[in-house]
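Coordinates in review
What follows is each chain in one-letter form.
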Amino acid sequence: MGILETVAIAFWVMLPAYVPNNAAVLAGGGRPIDGGRTWGDKRVLGDGKSWRGTAAGVIAGIALAGILTFFASDVSSAVGFDLPEFTPLAALGLAGGAMLGDILASFAKRRTGRQRGAMFPGVDQLDFVVVSLPLTALLAPEWFFDWFTLGVILVVVVLTPVLHVTTNMIAYKLGLKNEPW
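Residues numbered from 1 in each chain as written. Predicted model: local features only at pLDDT ≥ 70, side-chain atom pairs only at ≥ 80, totals over all residues. Heavy atoms only, no water.

**What to know about the packing of aromatic side chains**
Going through the model one piece at a time under the given rule, you end up with eight aromatic pairs. Plain terms: the ring middles of phenylalanine 70 and phenylalanine 71 are 5.0 Å apart, the flat faces sit at 90 degrees to each other, and that makes the pair edge-to-face. Phenylalanine 70 gets classed as exposed once you look at its relative accessible area, which sits at 65%. The side chain of arginine 111 reaches across the aromatic face of phenylalanine 107, ending 4.7 Å from its centre. (Phe/Tyr/Trp six-rings, centres within 6.5 Å; stacked < 30°, edge-to-face > 60°. Buried < 20%, exposed > 50% of the residue type's maximum accessible area, 1.4 Å probe, protein only. Lys NZ or Arg CZ within 6 Å of the ring centre and 35° of its normal.)

**Regarding the pattern of salt bridges**
Pairs may arise between side chains of opposite charge once their charged atoms sit close together. The tally for this structure, following the rule as stated, stands at three salt bridges. Between arginine 43 and aspartate 34 there is a salt bridge whose closest N-O contact spans 2.7 Å. You can call aspartate 34 buried: its relative accessible area is 4%. A salt bridge links aspartate 47 to arginine 43; the shortest N-O distance between them is 3.1 Å. Residues participating in the shared-partner salt-bridge network are Asp34, Arg43 and Asp47. (Salt bridge = Lys/Arg side-chain N within 4 Å of Asp/Glu carboxyl O.)

**So, helix α6 (residues 150-173)**
The end-to-end C-alpha distance of α6, which contains 24 residues, comes to 35 Å, matching closely the 34 Å that a straight helix rising 1.5 Å per residue would cover. Within α6, the axis deviates most sharply at leucine 159, by approximately 30 degrees, and proline proline 161 lies no more than four positions further along. Among all positions in α6, only Val152, Val155, Val156, Thr160, His164, Asn168 and Ala171 are buried. Just beyond α6, the residue with positive phi is glycine 175, at close to 80 degrees. (Helix = DSSP H or I, 4+ residues; strand = E, 2+ residues; numbered from the N terminus. Expected span 1.5 Å × (residues − 1). Bend = angle between axes of the 7 residues up to and from the residue.)

**Some remarks on the packing of helix α1 (residues 3-27) against α6**
Here α1 crosses α6 at 60 degrees, and the two axes come no closer than 9 Å. Considering the angle they form, α1 stands oblique to α6. Taken as a pair, α1 and α6 cross one another with a handedness that is right-handed. Taking contact as the criterion, the partners of Thr6, Val7, Ile9, Ala10, Phe11, Val13, Met14 and Tyr18 in α1 are, on α6, Gly151, Val152, Val155, Val156, Leu159, Thr160 and Leu163. A per-class count over the contact of α1 with α6 returns 12 nonpolar, three polar and no charged. (Axes fitted to C-alpha atoms, helices over the stretch in contact; angles between N-to-C directions. Parallel < 35°, antiparallel > 145°, perpendicular 65-115°, else oblique. Left-handed = near helix turned anticlockwise from the far one by under 90°. Contact = heavy atoms within 4.5 Å. Nonpolar A, V, L, I, M, F, W, Y, C, P; charged D, E, K, R; others polar.)

**Quick word on helix α3 (residues 88-111)**
For α3, built from 24 residues, the straight-helix expectation of 34 Å at 1.5 Å per residue is met to within 8% by its first-to-last C-alpha distance of 34 Å. At the C-terminal side of α3, glycine 113 shows a positive phi close to 80 degrees.

**Remarks on the packing of α1 against α3**
Orientation of α1 relative to α3, taken along the N-to-C sense of each, is 50 degrees, at an axis distance of 8 Å. As judged from the angle between their axes, α1 and α3 are oblique. By crossing handedness, the relation of α1 to α3 is classed as right-handed. Contacts from Val13, Met14, Pro16, Ala17, Pro20, Asn21 and Ala24 of α1 reach α3 at Leu94, Ala95, Ala98, Met99 and Asp102. Classifying every residue of the contact of α1 with α3 gives 10 nonpolar, one polar and one charged.

**A look at the side chain of threonine 136**
Of note, threonine 136 is situated in helix α4 (residues 123-139). Only 2.6 Å separates the side chain of threonine 136 from the backbone oxygen of serine 132, close enough to count as a polar contact. If sequence neighbours within four positions are ignored, threonine 136 has contacts with Ala90, Gly93, Leu94, Pro141, Trp143 and Phe144. (Polar contact = N/O pair within 3.5 Å; in protein donor to acceptor, adjacent residues only side chain to side chain.)

**Digging into the confidence of the model for the chain**
Confidence in the prediction for the chain averages 90 pLDDT; 99% of positions are at 70 or higher. Mean pLDDT per element in the chain: strand β2 (residues 42-43) is the minimum at 86, and helix α5 (residues 141-147) is the maximum at 98. (pLDDT = per-residue confidence, 0-100.)

This is the structure in structure tokens:
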């Protein structure tokens, strides 16, 4: 597998995990997941993690996986190599894992005294990858190991922080985020 093919597959297989956090920002608000509870005088998660945003993120990721699956054959023919069709459990693992990773990162931020929106280098860029990949491997192992080769995983680990910073800066410039990270 060539580098361009590896990069294309990495981007394709991660799209259902990349989109949920952005969808959650757009649809967020409403009741916080932690219900305002505190732990050790600090919020458990904070107002930024809501049920509505989480549900919207998971639904957006799963819907995108369905759209990608619909077009996988045609796009594969056009680019000259196979791109995956997503199984329902793979879609759920990627989208749900992305949201769970973001929630766990928020929990870690609160425990370390960081406020909502505060920078947490490394965690901010890879939280959803660290959870979505193992959850997908658990839910859809055959699909996962067919597509997530070592090369694809390496590209994901390198590509994700670049994409994360770029999309956050765009959202900041558009007024959708209060901070550019």
